[in-house]
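# Secondary and tertiary structure notes
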Amino acid sequence: AGVTLFTTGTFLFGGIPGMYHHNYFSGTPTMILAVGSCFSCLEVCPLALMGLEASEYMALHRAADRPESRWLAKYKPIVNCFIYVAFWNLVGAGFLGFIINPPVSQYWMIGGYLTLAHGHGALWGVYGVLALALSLLVLRLSDLAAKWDTFWLDWGLRLMNVGMFLQIFVSIFPLGLYQFTQAVKHDYWYARSQHFHGDSSVQSLKLARALGDSIFAIAMLMVLWFVFVQFCNRQLKRSKMCGGSPGKASSSYYQALQG
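Moving on, we come to the overall build of the chain. The secondary structure content of the chain amounts to 12 helices and 0 strands. Classification of the 259 residues of the chain by burial places 40% in the buried group. Taking all contacts inside the chain whose residues are at least 6 apart in sequence as the whole, residues at least 24 apart take part in 73%. Roughly 14,000 Å² of accessible area belongs to the chain as shown, and the carbon and sulfur atoms make up 71% of that amount.

In this section: a nonpolar patch on the surface. Taken together, the side chains of Phe151, Trp152, Trp155, Trp225 and Phe228 present a nonpolar region at the surface, about 560 Å² in accessible area. Broken down by secondary-structure element, the contributors of at least two residues to the nonpolar patch are helix H8 (151–186) and helix H11 (200–241). Of all the elements, H8 adds the most residues to the nonpolar patch, at 3 residues. Tracing the backbone through its elements, the reader meets Trp152 in helix H8.

Considering all chains together, one arrives at 11 aromatic pairs under this definition. Considering the side-chain rings of Trp148 and Phe226, the 5.2 Å spacing of their centres and the 80° angle between planes classify their relative orientation as edge-to-face. Taken as a pair, Trp148 in the loop between helix H7 (113–141) and H8 and Phe226 in helix H11 lie far apart in primary sequence, 78 residues in all. Neither residue differs from the other here; Trp148 and Phe226 are each classed as buried.

Running from N to C, H8 and H11 point in directions that differ by 165°, and their axes come no closer than 7 Å. As the angle between them shows, H8 and H11 are arranged roughly antiparallel. Read as a crossing pair, H8 and H11 show a hand that is left-handed. When its residues are assigned to classes, the contact of H8 with H11 shows 25 nonpolar, 5 polar and 3 charged.

Moving on, we get to the nonpolar core. Counting residues in hydrophobic clusters, the biggest one holds 38 residues, and the most contacted among them are Trp124 and Leu157. Among the secondary structure elements, those contributing two or more residues to this core are helix H5 (76–100), H7, H8 and H11. No other element matches H7, which puts 11 residues into this core. Beyond its immediate stretch of four places on either side in the chain, Leu157 contacts Pro77, Cys81, Tyr84, Leu132, Leu136 and Val223.

Right, let's talk about the environment of Leu137 for a bit. Structurally, Leu137 can be placed in helix H7. When the C-alpha positions of Leu137 and Ile78 are compared, they lie 6.7 Å apart, and in sequence the two are 59 residues distant.

Following the sequence through the fold, Ile215 ends up in helix H11. Residue classification places Ile215 among the partly exposed positions, given a relative accessible area of 22%. Residues Ile215 and Leu166, 49 residues apart in the sequence, show an inter-C-alpha distance of 8.9 Å. Residue contacts for Ile215: discarding those within four places in its chain leaves Leu159, Gly163 and Leu166.

Residues spaced three or four apart along an α-helix point in a common direction, a consequence of the helix completing one turn every 3.6 residues. With 42 residues, H11 ought to run about 62 Å at 1.5 Å a step, and its terminal C-alpha atoms sit 63 Å apart, in line with that. The complete set of buried residues in H11 reads Val202, Gly212, Phe216, Ala219, Met222, Val223, Phe226 and Gln230. Check the buried side of H11 and you find it contacts H7, H8 and helix H10 (194–197). Capping the start of H11 is the job of one residue whose side-chain oxygen sits 2.7 Å from the backbone nitrogen of Ser201: Asp199.

The tally for this structure, following the rule as stated, stands at 2 salt bridges. Taking the shortest distance from any N to any O, the salt bridge between Asp143 and Lys237 comes out at 3.9 Å. On the criterion of sequence distance, the pair formed by Asp143 in the loop between H7 and H8 and Lys237 in helix H11 is long-range, its members being 94 residues apart. A residue is classified by how much of its surface remains accessible, and Asp143, at 3% relative accessible area, is buried. For Arg209, the salt bridge goes to Asp213, with nearest N and O atoms at 3.3 Å. Placement of the pair is Arg209 and Asp213 together in helix H11, with a separation of 4 residues, close to one helical turn.

About the criteria used
- Residues numbered from 1 in each chain as written.
- Predicted model: local features only at pLDDT ≥ 70, side-chain atom pairs only at ≥ 80, totals over all residues.
- Heavy atoms only, no water.
- Helix = DSSP H or I, 4+ residues; strand = E, 2+ residues; numbered from the N terminus.
- Buried < 20%, exposed > 50% of the residue type's maximum accessible area, 1.4 Å probe, protein only.
- Contact = heavy atoms within 4.5 Å.
- Areas by Shrake-Rupley, 256 points an atom, 1.4 Å probe, with all protein chains shown as cover.
- Patch = residues over 30% accessible without salt bridge, like charges linked within 9 Å, V, L, I, M, F, W, Y side chains within 5 Å.
- Salt bridge = Lys/Arg side-chain N within 4 Å of Asp/Glu carboxyl O.
- Phe/Tyr/Trp six-rings, centres within 6.5 Å; stacked < 30°, edge-to-face > 60°.
- Axes fitted to C-alpha atoms, helices over the stretch in contact; angles between N-to-C directions.
- Parallel < 35°, antiparallel > 145°, perpendicular 65-115°, else oblique.
- Left-handed = near helix turned anticlockwise from the far one by under 90°.
- Nonpolar A, V, L, I, M, F, W, Y, C, P; charged D, E, K, R; others polar.
- Core = buried A, V, L, I, M, F, W, Y, C linked by side-chain atoms within 4.5 Å.
- Expected span 1.5 Å × (residues − 1).
- Polar contact = N/O pair within 3.5 Å; in protein donor to acceptor, adjacent residues only side chain to side chain.

This is the structure:
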């Protein structure tokens, strides 16, 4: 729990000021730009350690299968979330972020599809998956005795990340590269005009995003189904403890949790 909260605080502290680097050409005061630039450049430090972090989480994942570490199996979905966070930190915040970070790149790309690709990867990977991990941790700690069937949860988390990957690299990222070439060739106004957005190639790439969107939406429903099943199991368990009396059920249930 402490590691999860510390990681969340670190990403919030570093990530939110770091987003100021998107404001180079939008009339932002110089001081804010300076703060954003510093935090954005310093992102290189934690991103360089993402490989080490991912290997540590993978080691925890493997340890959960050993008999002496069975207690860790209860937290495997949460460990999986941190592995996904490490991956999206590298791809979304790192690779896609560094493409658009330099001012000369921002001049041609700001507000375009490459910015959108970075925003999707970084926001989902750092804050979306991290929020899921924190929510699952709260759900797990609220009833450590509960036996989780994580089939729907595991596949839901995997497919959400697959869906996001397809959204970015089948649709948004190729659109961004094409938009960048058009901005350099015809100037920035053209890359934001109806001439660009009405292009048949652009329309096809926009429609291609439906694949990733659909997978992501179905996966989200799988995760919500898992949470709903846990809620129903908990309510059923509370009812059985006291033979159907709500007041007694609540008292017996929380005494069992504390014991």
